[in-house]
Amino acid sequence: MTSKLKDLLSSVLSAGELDLLVSSYDVVGDIAVIIVPEELQARERLIADTLLTNNTKVNVVAKRAGNYDGEFRTIALEILAGEHRTETLVTEFGVRLHLDVEKTYFSVRSGNERRRIASLVKAKEKVLVMFSGVGPYPLLIARHSEAAWVVGVEKNPLAHEYALTNVKLNKKINNVRLYLEDAGNLPFFIAERFDRIAMPLPTMAGEFLPVALTMLEKDGGWIHYYAMAETGRFEDAVSEMTRACDDAGRTLLEARVIRCGHCGPKTYRICVDARII
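Here, residues in each chain are numbered from 1, in the same order as that chain's written sequence. Residue-level local features of this predicted model are given only where pLDDT is at least 70; pairs of side-chain atoms are given and counted only at 80 or more, and the full residue set underlies all totals for whole chains, interfaces and linings. Excluding hydrogens and water, the side-chain values take into account all heavy atoms of the structure.

## As for the side chain of E44
Structurally, E44 is set in helix 3 (residues 44–54). A relative accessible area of 8% means that E44 is categorised as buried. In contact with E44, other than residues within four places in its own chain, are V36, K63, E78 and L80. The numbering of helices and of strands both runs from the N terminus, where a helix is a DSSP run of H or I of at least 4 residues and a strand a run of E of at least 2. Remark: exposure states derive from per-residue accessible area (1.4 Å probe, protein chains only) relative to the maximum for the residue type, with buried under 20%, exposed over 50%, and partly exposed in between. Throughout, a residue-residue contact means that at least one pair of heavy atoms, one from each residue, lies within 4.5 Å.

## A look at the pattern of salt bridges
Only one rule defines a salt bridge in this text: a Lys or Arg side-chain nitrogen within 4 Å of an Asp or Glu carboxyl oxygen. Applying the stated criterion across every chain, the model contains 18 salt bridges. The residue R85 makes a salt bridge to D30 at a minimum N-O spacing of 2.5 Å. In this pair, R85 sits in the loop between strand 4 (77–82) and strand 5 (87–92) while D30 sits in the loop between strand 1 (26–28) and strand 2 (31–34), placing the two residues 55 residues apart along the sequence. Ionic pairing is found between E83 and R85, a salt bridge with its closest N-O pair at 2.6 Å. What makes E83 partly exposed here is its relative accessible area of 41%.

## Remarks on the pairing of strand 5
What you see with strand 5 is a clean split: T88, V90 and E92 sit on the buried side and E87, L89 and T91 on the side with no burial. Note on pairing: two strands pair once DSSP finds at least 2 bridges between them. Here strand 5 pairs with strand 6 (residues 95–100) via 6 bridges, running antiparallel. Across the sheet, E87 pairs through a bridge with D100, a residue of strand 6.

## Overview of the environment of K172
Relative to the helices and strands, K172 is located in the loop between helix 6 (157–169) and strand 9 (176–180). Residue classification places K172 among the exposed residues on the basis of a relative accessible area of 83%. For the pair K172 and R143, spaced 29 residues apart in sequence, the C-alpha separation works out to 8.3 Å.

## Regarding the packing of aromatic side chains
In summary, the pairing rule links any two rings of Phe, Tyr or Trp, Trp by its six-membered ring, whose centres are within 6.5 Å, and it sorts them by plane angle into stacked for under 30 degrees, edge-to-face for over 60 and tilted for everything else. Taken as a whole and assessed by the stated rule, the structure comprises 5 aromatic pairs. Seen in terms of ring centroids, F131 and F208 are 5.0 Å apart; in terms of plane orientation they differ by 75 degrees. Their pairing is edge-to-face. Residue F131 is found in the loop between strand 7 (126–130) and helix 5 (136–143), and its partner F208 is found in the loop between strand 10 (196–199) and helix 8 (209–215); the two are separated by 77 residues along the sequence. Summarising the burial analysis for this pair, F131 and F208 share the class buried. Cation placement over rings: the criterion is NZ of Lys or CZ of Arg within 6 Å of the ring centroid and within 35° of the ring normal. Here the basic side chain of R73 rests over the ring of Y105, its NZ or CZ set 3.9 Å away from the ring centre.

## Side note on the nonpolar core
Here the nonpolar core consists of buried residues drawn from Ala, Val, Leu, Ile, Met, Phe, Trp, Tyr and Cys, with membership extended through side-chain atoms lying within 4.5 Å. Residues L97, L99, F106, I141, V150 and V176 are the most contacted members of the largest nonpolar core, which totals 38 residues. For this core, the leading source of residues is helix 5, giving 5 residues. The residues touching L97, leaving out its near neighbours within four places in the chain, are T88, L89, V90, F106, V134, G135, P136, L139 and N166. Core analysis: the next-biggest nonpolar cluster, separate from the first, contains 35 residues, L128, V211, L213 and I276 among them.

## Topic: the sheet that holds strand 4
Strand order in the open sheet formed by 4 strands is 1-2-3-4, with mixed pairing between adjacent strands. Strands at the two margins of the open sheet, each flanked by one partner only, are strand 1 and strand 4. For this sheet, the mean inter-axis angle between neighbouring strands, taken without regard to orientation, is 30 degrees. Across 4 bridges, the pairing between strand 2 and strand 3 (residues 60–64) is parallel. Residue pairing for strand 3: V33 is matched across the bridge by A62. Working convention: axes come from line fits to C-alpha atoms, limited for helices to the stretch in contact. Angles between N-to-C directions cover 0 to 180 degrees. On top of the sheet, helix 3 reaches strand 2, strand 3 and strand 4; it is set at about 55 degrees to strand 4, its chief contact.

## A word on unusual backbone geometry
Phi angles above zero are rare outside glycine, and R73 is one such case at about 55 degrees. Checked against the element boundaries, R73 lands in the loop between strand 3 and strand 4. A relative accessible area of 15% places R73 in the buried class.

## As for helix 6
Under the 1.5 Å per step criterion, the end-to-end length of helix 6 is 18 Å for 13 residues, consistent within 8% with the ideal 18 Å. Where helix 6 is concerned, the buried positions are A159, H160, Y162, A163 and N166. Looking straight down helix 6, one finds its buried side chains confined to an arc of 160 degrees; they lie on one side. Contact partners of the buried residues in helix 6: strand 5, strand 6, helix 5, strand 8 (149–154) and strand 9. Two N or O atoms count as a polar contact when they lie within 3.5 Å, although within protein this holds only if one can serve as hydrogen donor and the other as acceptor, and sequence-adjacent residues are included solely when both atoms are side-chain atoms. Looking at where helix 6 begins, the residue whose side-chain oxygen comes 3.0 Å from the main-chain nitrogen of L158 is N156. Multiplying one less than the number of residues by 1.5 Å gives the expected span of a helix. What the arc measures is the spread of directions leading from the helix axis to the C-beta atoms.

Encoded structure:
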């Protein structure tokens, strides 16, 4: 699709403009989210209309009007073409997700990673997802594993409302429980402990490692810890987990680092799959 977009615009954009064009973009449900460099702002409507006309799966084209920011990692968008809305319906590995791409955080690029985590869950495991957003991790885990139950905790009220809606959308899933709460307060409102914990908040998950270790079964289990790391510095995340385990009186038995997203020049989103007792 990226080369096709450049091909479609080759007759109306100059060679210099084509070089500036960010031809990769995300399609979330039926909404295409594009990046328009400042030098091409005068051409943004043309770019958006071309994309809308030539992709039958897209009904809205929006451009990023900022970066992911704030407590809830949301991003401002500007509608350039198509229907004027930011709500959409995503289907991911058989799970339906209703969401707002501007007011809630959702990364379509993390779909394969969510499916990977689900594939690791063993029968009858109790699974906790911290920072569960609109519910993609809890629902995919429930859909593609034999977990006893999956608990999701999210602080953003709107994301939590979408998650509740998404549980209802996926009627065959009946072992997901969702809480509107700060993950830092987990030990105060959930008494149970978990065999597996996912922490999909790569910018801040480190602050919550002590809580995650508290919520892990006393006999041990797995924590999937996400972080942003530069090439050559991936092991820093393992060291951070080792220190947190030491502080909590626990032991990191094994850790493997999975590269699961490219986020910038030499910077990646990584997941540390850690087995801890």
